[in-house]
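Okay, here's what each chain looks like letter by letter:
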Amino acid sequence: QVRLVESGGGLVQAGESLKLSCVGSGGDLEHYATGWFRQAPGKDREFVAAISWRGASTYYRDSVKGRFTISRENDKPTVYLQMNNLKSEDTAVYYCGVTLAGALRVGEPERYEYWGQGTQVTVSS
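> So, the nonpolar core: which residues are in play, and what are the values?
Counting 25 residues, the largest nonpolar core has W36, V48, F68, L81, M83 and Y94 as its most contacted members. Residues within four places of Y94 in sequence aside, it is in contact with E6, L20, W36, F37, R38, V48, F68, L81, M83, G118, T119 and V121. Core analysis: the second largest hydrophobic core is formed by 5 residues, F37, F47, V106 and Y112 among them.

Have a look at this one:
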């Protein structure tokens, strides 16, 4: 059974940075893309960023482009989300998930097969 564990969340002030990690275990994750999503209270889970299995392709929602960077180290295997210049609207629980969906579908949470338990990110203004 695949298990994903997120870490790195916390409470920061606006303008500061955090780096989230997503560690996978328990199964064969080869060929899976990994995505980060977030969910604020009372809102739907929304796509943040995704990275292909080999890391050659990355995808971001418009509001985080230039501030967030997704990367991966398959030998660990870990996917990171470096978040710079955080804003109060980035406050949410952040989840990582894995999918075999192609580029056109990586932003759709229903395409993801496994999810982590989430890590809270709170940005104070």
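> Which residues make up the environment of G55, and what values do they have?
Here G55 lies in the loop between strand 5 (46-51) and strand 6 (58-60). Accessibility expressed as a relative area gives 30% for G55, which makes it partly exposed. Taking the C-alpha atoms as reference points, G55 and A103, 48 residues apart in sequence, are found 12 Å from one another.

> Outline the pattern of salt bridges, supporting the account with residue identities and numerical values.
Under the definition given, this model contains 8 salt bridges. Salt-bridge contacts for R61 lead to E46; the nearest nitrogen and oxygen are separated by 3.6 Å. With R61 in the loop between strand 6 and strand 7 (68-73) and E46 in strand 5, this residue pair connects regions lying 15 residues apart in the sequence. In this structure R61 comes out as partly exposed when scored by relative accessible area, which is 25%. Through salt bridges that share partners, R38, E46, R61, R67 and D90 make up one connected network.

> An account of empty space enclosed by the protein is needed here, citing residue identities and associated values.
This model, assessed by the stated rule, comprises 1 cavity of 30 Å³ or more. Quantified by volume, the largest cavity comes out at close to 100 Å³. As for the largest cavity, its lining consists of 15 residues, of which L29, T34, R72, P77 and V79 are closest to the centre. Of all the secondary-structure elements, those providing two or more residues to the lining of the largest cavity are strand 3 (18-25), strand 7 and strand 8 (78-83). It is strand 3 that provides the largest number of residues to the lining of the largest cavity, a total of 3 residues. Its residues placed into classes, the lining of the largest cavity shows 9 nonpolar, 4 polar and 2 charged.

> So, the layout of surface pockets: which residues are in play, and what are the values?
The space that makes up the largest pocket amounts to roughly 190 Å³. If you trace the largest pocket, you find 13 residues lining it, with R38, A40, K43, E46 and E89 closest to the centre. When the residues that make up the lining of the largest pocket are grouped by side-chain class, the tally is 2 nonpolar, 3 polar and 8 charged.

> Just give me the short version of the state of the cysteines, but keep the residues and values in it.
If you walk through the whole model with that rule in mind, you get 1 disulfide. Each sulfur in the disulfide pair C22 and C96 lies 2.1 Å from the other. Here C22 and C96 share a disulfide; its torsion about the S-S bond, 65°, makes the bridge right-handed. Taken together, the positions of C22 in strand 3 and C96 in strand 9 (residues 92-99) put the pair 74 residues apart, joining distant regions of the chain. Each member of the pair, C22 as well as C96, carries the same accessibility label: buried.

Scoring rules and cut-offs
Residues numbered from 1 in each chain as written. Predicted model: local features only at pLDDT ≥ 70, side-chain atom pairs only at ≥ 80, totals over all residues. Heavy atoms only, no water. Core = buried A, V, L, I, M, F, W, Y, C linked by side-chain atoms within 4.5 Å. Buried < 20%, exposed > 50% of the residue type's maximum accessible area, 1.4 Å probe, protein only. Contact = heavy atoms within 4.5 Å. Helix = DSSP H or I, 4+ residues; strand = E, 2+ residues; numbered from the N terminus. Salt bridge = Lys/Arg side-chain N within 4 Å of Asp/Glu carboxyl O. 1 Å grid on protein atoms, 1.4 Å probe; cavity = no way out; pocket = protein on both sides within 12 Å on 5 of 7 lines; lining within 4 Å. Points joined across faces, edges and corners; volume = space filled by probe spheres on them. Nonpolar A, V, L, I, M, F, W, Y, C, P; charged D, E, K, R; others polar. Disulfide = S-S within 2.5 Å.

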